[in-house]
Each structure stands twice: as C-alpha cells, then as structure tokens.
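Report on the structure
For reference, the chains in residue letters:
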Amino acid sequence: MTPISRTGRTGDDTAATAPEPDPEPAARWAWLWLWSRVVLLPVVVLLPLLHLPLVADHRFNIFRYGGDLTRNPWEIIAAPISSVPNYLGHGNFRPLARMVEQGQDFLALSLSRVTDLPVPMALRVVALVFAVLVCVAAVLWAETLSREGPALSGRPSALALLTALTFPMFLVASTGSAVVLYTSLYACSVAVVLLVASWTSRRAGFDSRRAGPVLLVAAVLIGAAMAAFNEITYLAVPLAVVTVAARGLLTLRMRLVDVLVSRAARVVLAAAVGFAAVLVPVRLLIAERCADGGCYAASDLSVTEAALPALGHRLLSAVPPVPWLAAEPSPQRWVPQTDPVLLGSLGALAVLVLLTAWEVRTRHLPPWRVVLVVVLAGLALLVGSSLAMALTTEVQNRVAGGEWPVGRGWRDLWLVAAAGSVVVAGVGCLLARIAGGPHRRAGRLVMMALVVLLGTGSSVTLGVNEAQDAHERAGSEGDLFDRISVALADHDTGTDAQRCALLAEFATIHPQRLDWQERLDTALESASQAWHQAPFCSGDHD
C-alpha cells in the first residue's frame, strides 16, 4: 500500500514536498514592519512643528556655528575641547554634548543650503532623525529587558508594538519642552542612555564570565564619555546597572552570584569606573569654583528641601493630559484643524494604529514576571529622570518661585517619552494577561482597545502640536527667520538694504537686547561669509 505523506499526497509525491518554511524570514519581515512604524509614528506627530519659528539660542547658534563649521569642519571637535576650561569656570562640563549640538547646527545649515529649505524647517528635519533614534532605542531597550534570548530574535512582541505606538503620545511641544528647544541634543542624549543600557545587557553577556581587555577598555571609555556628555547621560550607568540586574535576576532567573560574575556585570563595572574617573574630579572642581554662586544654574546640582516639590512637579508634568493642558488649555483645539496636510497626517496615524491593532492580536505576550520587570524598570527610569532634573538649582528655583506651571516641558521630555511608553506598554500587557492573553477573545479585545486608546492619545498630541505651531508663528518674530533664510540663500540676487532691513526688524522687536542684536549680526556674518564670501549686511541698519 502506498504511504500517505503529511501533505495528503501519495508516496510518489513525497520527495517533491517542500520543507516547512523557515521562521526567520517571517521574523525579519515582522521587524521591518515594526521599524517602519517606529520611523513613521514620531514623524507624523511632530510634522506640525516643521514650520515652528526659531526660538532662544537657536536663532543665533545655527547660523554662527553652522557658518563657522562650514569653513573649519575640524572645529566641531577642537572648539568644544579648547573651551572646557572656560565652561568649567561657569560650572558646566559638556564637551561631547557641544560637539553634537554644533554638529546639529552644521547639518541644519548645510541641509538648508542643499535643499533650499528655510533654516528653521531644516533644523526640524534634522531633529526628526534624532526623534526616530530615541523611539528605536526605547523599543530595543524594552525587548532587551523582556526576552530570554537575543533582543531581536523571533518576531517583535506585543510589548514592542505597544512601546512604539505609545512613544509619540508624549512628544508634546509645550513651552520649554525638548521637542522645541535643543531637540537633537537631548534626543541624542537619551538615545545614548538607552543604547548603552541595551548594549551592556546583551544576552551573550550572561552566557560567559570572560570579558576581554578590548571589551573592558571600550566599556571604560563609554563610561567616561557619559560623564563628559551632559547631565542626561549621567543616568546611563545607573540604568545599565538596573537593566543588567533586572534581566539577569528576573527575566533569565539566574542566581545572584552568577549575575555578579557574568561578563555583563564586568562590563557595567568597567563603565562605572570610567564614569567615576571623570565625573568625581569634575564635580569637585565645579563645586570649588562655584562655591560662591554665580554658576550655570541648569548644571548646578543642589540637594535641598526644594528638590521634593520639584520632583513632584516634574513627575506630574510627564503624565498626559497634564502636558496637553499646559501646552493648549482649550481642549477644543486638541483636534487637528482642517489643514489638508494635517488631515493627511491624521489619516496616516489612523492607518498606522489600525495596522498595529491587527498585528498585536497574535503577538507574543511576555510572562507575568517579565512584564512586571519591564514596568518597574520603566518606572525607575521615569523617576530617575525626573529626580535628575529636580536636583538642579534652576528647576528648584523656578518651581519654588511659581514661574513654571505644572505640565511645563523641560530637558527630560525624551527620557519621559521613552520611560513612559515602556511603562504604558507593560501595563497594557499586564491587562491583556489578566483578561486571558492573546489566545482568548477577551485578551485580544483588551489589546485592540488599548491600541485605539493610545492612537487617540497620539492624535491629541498631533492636534496640540499644531496649536502650538500656530501660536508661535503668530508671535512677534513670526516668519522673520524664514525671510532671513531666504535672504541668506539669495544673497547674490537680493540687495544689501533688504538684508539690513531684516536685522533692523529684529532690533525693533527686541530694542533692549543689544546683546541679542550683536549675536545675530555675528551669526549671520559667519553664515554669509561661509556661503558667499561676503557680509550679510555691510550698511548701517541701526
């Protein structure tokens, strides 16, 4: 009797039967789909801010440093290093962060020159790249915490999908927010913090006790770099410790002694040594030079009773809808207006949400203990980031003086977005577990309802950002820097009088700020010399 194969064909056809498909290609496609959403979701929510006017030091630095670096590219490294003694005297030590900040200015001005985009828009385009990088780092960190195998093995979990979807909801362009000010710098800082934590906690690091000298030296240098970057990256080593401990002890269920002697622990220890070797002498030097006050308040750490209310302020300011209300008190304006571009953005967001809702139904849910690990680690990062801001003199003074309403954005926004998205995603997975998991109808309904709710939150952030953009563009400077960008690009066809009139307009808006007028003169002179080897304004515009 002819045997029957599993396919139902006779034995004659058995040899021709194709093998079962390898799951790896399917997993790669699943990750590709996820990374595409990781790119698109922050871009869609931040799209209304492309026209946001330049504010604060952006008005000067992008032209000044962009022009200087166009002529002398090596200054991107040399200038921050040579200025270390001067900044240390003012209580500030951020040489690596200054390289990133000035590099952002150079990229934005170069992009404006190549594409004819106005400089403010070019700056926002560069910032979008770093926003996407933070979202990538947040998803990778969540998967690193929750997987027993390599972080990118198999298909993305439901936790990864929810983290990517939740992240844009926190990107509110409230006053002082890092979405508006120094976006690329602080987004890059947070991405570095998360990537360092994920790197130290790789699965291979728990399988071996041996750590070669090259790896240890690299860890020491990375730790030292975190101390030489800025105050945000001070959290990199503590977060690495938390991540290694959480993944080793709880996710992988290793014994404490095995975690302590693992390669991952040795790498973290080496990073901590490098971090302390730079941080301790620098902070001692700053404390000595700033003992009498007068130093840069945003970098000055102060452990006083004022830190507690400042911590509460920063924690409350992180949770929607508080930042929505702070940015736009009228809920009616949370709905995107009838601008065709913004309605298209809302439609794109709806499509991405629906795709996530369809996909999340069948995705793996991490076990109970792992989800709890993720939630606790996210809360630790959320509290740690708020505490880091609350310990600075500037935040304490402004909160105590009533200058900052609850919900005001600050430099911790990208940390809050990463930590908050991981916490919300973890809580969502817990609720789905309680409802029976993805294999029961109730669990699937919970997941899909959560996706719709999170998508609605991101649409509110989109509407709030649109309202903020309209408010800022209606301000006194409005599109002044757009017109300055055009005048700079069209230097050969415009007139000197037209360019001088733009400087005069800025002086009329800020008649008492002679320092700002001088900085703008110097900045535009630098950019004009770099692009056209000619002054921006050679006449008398006073």
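Refer to the structure printed above.
Okay, so let's go over this structure.

Definitions and cut-offs
- Residues numbered from 1 in each chain as written.
- Predicted model: local features only at pLDDT ≥ 70, side-chain atom pairs only at ≥ 80, totals over all residues.
- Heavy atoms only, no water.
- Phe/Tyr/Trp six-rings, centres within 6.5 Å; stacked < 30°, edge-to-face > 60°.
- Helix = DSSP H or I, 4+ residues; strand = E, 2+ residues; numbered from the N terminus.
- Lys NZ or Arg CZ within 6 Å of the ring centre and 35° of its normal.
- Expected span 1.5 Å × (residues − 1).
- Buried < 20%, exposed > 50% of the residue type's maximum accessible area, 1.4 Å probe, protein only.
- Arc of directions from axis to C-beta.
- Contact = heavy atoms within 4.5 Å.
- Core = buried A, V, L, I, M, F, W, Y, C linked by side-chain atoms within 4.5 Å.
- Axes fitted to C-alpha atoms, helices over the stretch in contact; angles between N-to-C directions.
- Left-handed = near helix turned anticlockwise from the far one by under 90°.
- Disulfide = S-S within 2.5 Å.
- Salt bridge = Lys/Arg side-chain N within 4 Å of Asp/Glu carboxyl O.

Here we look at the packing of aromatic side chains
- Using the criterion set out here, one finds nine aromatic pairs in the structure.
- Taking 6.4 Å as the distance between ring centres and 25° as the angle between the ring planes, the aromatic pair formed by Phe-63 and Phe-481 counts as stacked. Taken together, the residues span a long stretch of sequence, with Phe-63 in helix H3 (residues 58-71) and Phe-481 in helix H21 (residues 480-489) at a distance of 418 residues.
- Aromatic ring contacts, followed pair by pair, group Phe-60, Phe-63, Phe-481, Phe-506 and Trp-516 into a single cluster.
- Geometry around Trp-516 places Arg-59 over its ring, the cationic atom sitting 4.3 Å from the centre.

Digging into helix H10 (residues 213-227)
- In this model H10 runs 21 Å from its N-terminal to its C-terminal C-alpha over 15 residues, within 8% of the 21 Å that 1.5 Å per residue would give.
- For H10, the full list of buried residues reads Ala-219, Gly-223, Ala-224, Met-226 and Ala-227. One side of H10 carries all its buried residues, which in axial view fall inside an arc of 160°. Exposed residues pointing more than 90 degrees away from the buried face of H10 are listed as Val-214 and Leu-221.
- Buried residues along H10 sit against helix H9 (183-200), helix H11 (236-251) and helix H13 (263-289).

A look at helix H6 (residues 95-115)
- Between its first and last C-alpha, H6 extends 30 Å over 21 residues, near the 30 Å set by a 1.5 Å rise per residue.
- Asp-116 sits one or two residues past H6 and shows a positive phi near 65°.

Quick look at the nonpolar core
- One finds Phe-63, Trp-141, Leu-194, Trp-414 and Ile-484 to be the most contacted residues of the largest nonpolar core, which totals 138 residues.
- Considering every element that reaches this core, the biggest residue donor is helix H7 (residues 119-146), with 15 residues.
- With residues near it in sequence (within four places) discarded, Trp-414 still touches Leu-46, Ala-131, Val-134, Phe-167, Leu-171, Ala-178, Val-179, Thr-183, Tyr-186, Ala-187 and Val-190.
- Counting residues in hydrophobic clusters, the runner-up holds eight residues, among them Phe-206, Met-254, Ala-264 and Val-268.

Points about the packing of H9 against H11
- For the pair H9 and H11, the least separation of the axes is 8 Å and the interaxial angle reads 35°. The element H9 and its partner H11 pack so that their crossing is right-handed. Along its contact with H9, which presents Val-193, Leu-194, Val-196, Ala-197 and Thr-200, the element H11 presents Ala-236, Leu-239, Ala-240, Thr-243 and Val-244.

Let's talk about the state of the cysteines
- For the coordinates displayed, the defined rule picks out one disulfide.
- Two residues, Cys-500 and Cys-537, share a disulfide whose sulfurs are 1.8 Å apart. On the sign convention where negative is left-handed, the bridge of Cys-500 and Cys-537, at about 105° about the S-S bond, is right-handed. Of the two residues, Cys-500 is situated in helix H22 (residues 496-509) and Cys-537 in the segment after helix H23 (514-532); the sequence distance between them amounts to 37 residues. Taken individually, Cys-500 and Cys-537 each receive the classification buried, so the pair is uniform in this respect.

Thoughts on the pattern of salt bridges
- As enumerated under the stated definition, the model contains 17 salt bridges in all.
- Its salt-bridge partner being Asp-68, residue Arg-64 comes within 3.0 Å of it at the nearest N-O pair. Here Arg-64 and its partner Asp-68 are both found in helix H3, four residues apart, which amounts to about one turn of the helix.
- Between Asp-412 and Arg-314 there is a salt bridge; the shortest N-O distance is 3.1 Å. With Asp-412 in the loop between helix H18 (393-400) and helix H19 (413-434) and Arg-314 in helix H14 (residues 307-317), the pair connects residues that are 98 residues apart, well separated along the chain.
- Taken together, the shared-partner salt bridges connect Arg-64, Asp-68 and Arg-71 into one network.

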